[in-house]
Structure formats: structure tokens, C-alpha cells
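Residue-level structural notes
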Amino acid sequence: QVQLVESGGGLVQAGGSLRLSCVVSGGALRWYGMGWFRQAPGKEREFVATISRNADATYYADSVKSRFTISRDNAENTVYLQVNNLNPEDTAVYYCAAVEKLPYGSIRGSDYDIWGQGTRVTVSS
């Protein structure tokens, strides 16, 4: 059974950076389109970024474009989200998700089959 485990979250000051990781176990990452989503306190989950199976295509939410970078290392079964120039509005639990049937991933959370438990990012002003 494929499982996703996120890490790398923490408390950071505004303007700071973090690198979030999502390790896939129980299966091969190369078969999945991957996405990152986040859920802020009191808000609905929202799309952040997605990456295709072989990393030839990425797509970002407008709110994070130019600040966040999604990448993957299929040999290491790991997906990354580099988050730069953070601001308090980025405070949320960040989740990675996997979808097998969509090689280019998706911006819709409902398309994803497998979710991690999340890693919390808190940005102080």
C-alpha cells in the first residue's frame, strides 16, 4: 500500500524559506502525478502546485507562483516543495498527494488517490 510522509515544516519568520519533502513508500513514485495542497486554519484546502510523472510539467497557484518550486526525484521516491519569501498568509498545514491515473497531476484535490498526513508551516510576521 502506497503511503506518503511529509516533513520539513516548522516555524519561520516572514521572508524566510523552507524545503518540504514528501517520501513515497510502498510503491514507485514514477507512476504518479503529484501535488501539494495546503489548509490554513479555518479555511478550506487549496491547491498549491502539481508536477507530472517525469517532471516535464509543473503548475502553480497564482498566490505562490515565483516563490514556490515543486520538484521530484523519482529515484529517491521523493517530491519536494521549496517555499521562499514566506509571508503569514502561507501559514497552513501542507499536504502532498498522489494520483496514478493522471500523469500530469491535477489542481483538484478530489482527483488524488493518496494523501499524506501533512506538515505544518507557521510564518511569523
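For the structure, check the block above.
Owing to the predicted nature of the structure, the values given are computational and were not obtained by experimental measurement. (Residues numbered from 1 in each chain as written. Predicted model: local features only at pLDDT ≥ 70, side-chain atom pairs only at ≥ 80, totals over all residues. Heavy atoms only, no water.)

Let us now look at the side chain of asparagine 77. If you trace the backbone, asparagine 77 turns up in the loop between strand S7 (68-73) and strand S8 (78-83). If we skip the residues at most four places from it in the chain, asparagine 77 touches Cys22, Val23, Val24, Gly27, Ala28 and Leu29. (Helix = DSSP H or I, 4+ residues; strand = E, 2+ residues; numbered from the N terminus. Contact = heavy atoms within 4.5 Å.)

On inspection of all chains with the given rule, the structure shows 1 disulfide. Between the sulfur of cysteine 22 and that of cysteine 96 lies a disulfide, 1.9 Å long from S to S. Taking the torsion about the S-S bond as the criterion, the cysteine 22 to cysteine 96 disulfide, at about 55°, is right-handed. Of this pair, cysteine 22 sits in strand S3 (residues 18-25) while cysteine 96 sits in strand S9 (residues 92-99), and the two are 74 residues apart along the sequence. (Disulfide = S-S within 2.5 Å.)

If you walk through the whole model with that rule in mind, you get 5 aromatic pairs. On the numbers, 5.7 Å between centres and 70° between planes, the contact of phenylalanine 37 with phenylalanine 47 is edge-to-face. Placement of the pair is phenylalanine 37 in strand S4 (residues 33-39) and phenylalanine 47 in strand S5 (residues 46-51), with a sequence separation of 10 residues. Using a relative accessible area of 13% as the deciding quantity, one classes phenylalanine 47 as buried. Considering the side-chain rings of phenylalanine 47 and tyrosine 59, the 6.2 Å spacing of their centres and the 25° angle between planes classify their relative orientation as stacked. With a gap of 12 residues between them, phenylalanine 47 in strand S5 and tyrosine 59 in strand S6 (residues 58-60) connect regions that are remote in the sequence. A relative accessible area of 47% places tyrosine 59 in the partly exposed class. Each residue in the set Phe37, Phe47, Tyr59, Tyr112 and Trp115 is aromatic and connected to the rest through ring pairs, giving one cluster. Lying across the ring of tyrosine 80, arginine 19 places its NZ or CZ 3.8 Å from the centre. (Phe/Tyr/Trp six-rings, centres within 6.5 Å; stacked < 30°, edge-to-face > 60°. Buried < 20%, exposed > 50% of the residue type's maximum accessible area, 1.4 Å probe, protein only. Lys NZ or Arg CZ within 6 Å of the ring centre and 35° of its normal.)

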